[in-house]
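Chains, contacts and geometry: an overview
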Amino acid sequence: MNYFRQSILSGLNEYYVILKRSLDSLSEEEILWKPNPHSNNIIFLIWHMALVEDNLINKVLLGKERVWITENYYKDFPELRDETGFAFNQEKLDKFPVMDIEWLMNYYNILREGTIKFITNIEDEDLSLDYTFGIRQVKGYFVIGRLMTELSQHLGQVSYIRGMIRGLDK
């Protein structure tokens, strides 16, 4: 048994369970609510997390186009075709479209299936290879670590916003 692989799969599973629980029973108004005008809302965070995972697994590690593009998820939001949610300024945040959470989670579910398949089949030597990440070369293990960091950070933001809206355990 490869315990490294199992620990990553366990973390990804725990993350996804908490994400779904955090979204459970939220209204559209709550998903779109911002703590202040300069903050992200939950729908933006979910979109960004999905695109981060899509980009890191599919584009960086597998060298393929993102599911966001190949499966035409961007079609209803052509202005977001080449975006990942990084470096959004206030103007871009203010113009961010309303997305249906079920549609967005469908995209995320497809991504997650691919991520699980990738992690299940990755070999140690794959993690020692160099991959292009932006303008630099990084090792595969860096990319997996980055994925876990990004997802955890933004899941915390989603949970915090939910807590601001609903309080504890509601």
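All chains use their own residue numbering, which begins from 1 and follows the written sequence. Since the coordinates come from a predicted model, pLDDT governs what is reported: local features require at least 70, and pairs of side-chain atoms require 80 or more to be given and counted, while whole-chain, interface and lining totals use all residues. For the side-chain quantities, the full set of heavy atoms in the structure was used; hydrogens and water were omitted.

Quick word on unusual backbone geometry
Non-glycine residue Ser-25 carries a positive phi angle of around 70°. You will see that Asn-72, though not glycine, has its phi angle at about 60°, which is positive. Numbering goes from the N terminus for both helices and strands, where a helix is a DSSP run of H or I of at least four residues and a strand is a run of E of at least two. Tracing the backbone shows Asn-72 in the loop between helix H4 (67–70) and helix H5 (90–94). A 1.4 Å probe rolled over the protein chains alone gives each residue an accessible area, and that area as a share of the maximum for its type sets the label: buried under 20%, exposed over 50%, partly exposed in between. Asn-72 sits in the partly exposed class, given a relative accessible area of 40%.

Structural notes on the packing of aromatic side chains
Between rings of Phe, Tyr and Trp, where Trp is taken as its six-membered ring, a pair exists when centres lie within 6.5 Å; planes separated by under 30 degrees are stacked, by over 60 edge-to-face, and by other angles tilted. A full pass over the atoms with the stated rule returns 16 aromatic pairs. Judged by centre distance (6.5 Å) and plane angle (55°), the rings of Tyr-15 and Tyr-108 are tilted. Within this pair, whereas Tyr-15 is found in helix H1 (residues 3–23), its partner Tyr-108 is found in helix H6 (residues 101–121), the two being separated by 93 residues in sequence. Looking at Tyr-15, the relative accessible area reads 6%, which means it is buried. Judged by relative accessible area, which is 0%, Tyr-108 ranks as buried. Joined through ring pairs, the aromatic side chains of Phe-44, Trp-47, Trp-68, Tyr-73, Phe-77, Phe-88, Phe-96, Trp-103 and Tyr-107 make up one cluster. Only Lys NZ and Arg CZ are tested; either one counts as a charge over a ring when it is within 6 Å of the ring centre and within 35 degrees of the ring normal. Geometry around Phe-88 places Lys-92 over its ring, the cationic atom sitting 5.2 Å from the centre. Over the ring of Tyr-16 we find Arg-112; its NZ or CZ atom is 4.6 Å from the centre of that ring.

Section: the environment of Met-164
The residue Met-164 is located in helix H8 (residues 140–166) in this model. By relative accessible area, which is 39% here, Met-164 ends up partly exposed. Taking the C-alpha atoms as reference points, Met-164 and Met-1, separated by 163 residues in sequence, lie 41 Å from one another. Leaving out residues up to four positions away in the same chain, Met-164 has contacts with Trp-33 and Pro-35. Contact between two residues is taken to exist if any of their heavy atoms lie within 4.5 Å; hydrogens are not considered.

Describing the nonpolar core
Counting 54 residues, the largest nonpolar core has Leu-19, Ile-46, Trp-47, Trp-68, Met-99, Tyr-107 and Tyr-108 as the members making the most contacts within it. Contributing elements (two or more residues each) for this core: H1, helix H3 (42–61), H4, H6, strand S1 (130–133) and H8. If you tally residues by element for this core, the top one is H3, at 14 residues. Not counting chain neighbours up to four residues away, the residues in contact with Met-99 comprise Ile-43, Trp-47, Trp-68, Phe-77, Leu-80 and Leu-104. Take the buried Ala, Val, Leu, Ile, Met, Phe, Trp, Tyr and Cys residues and link them wherever side-chain atoms come within 4.5 Å; each set so joined is a nonpolar core.

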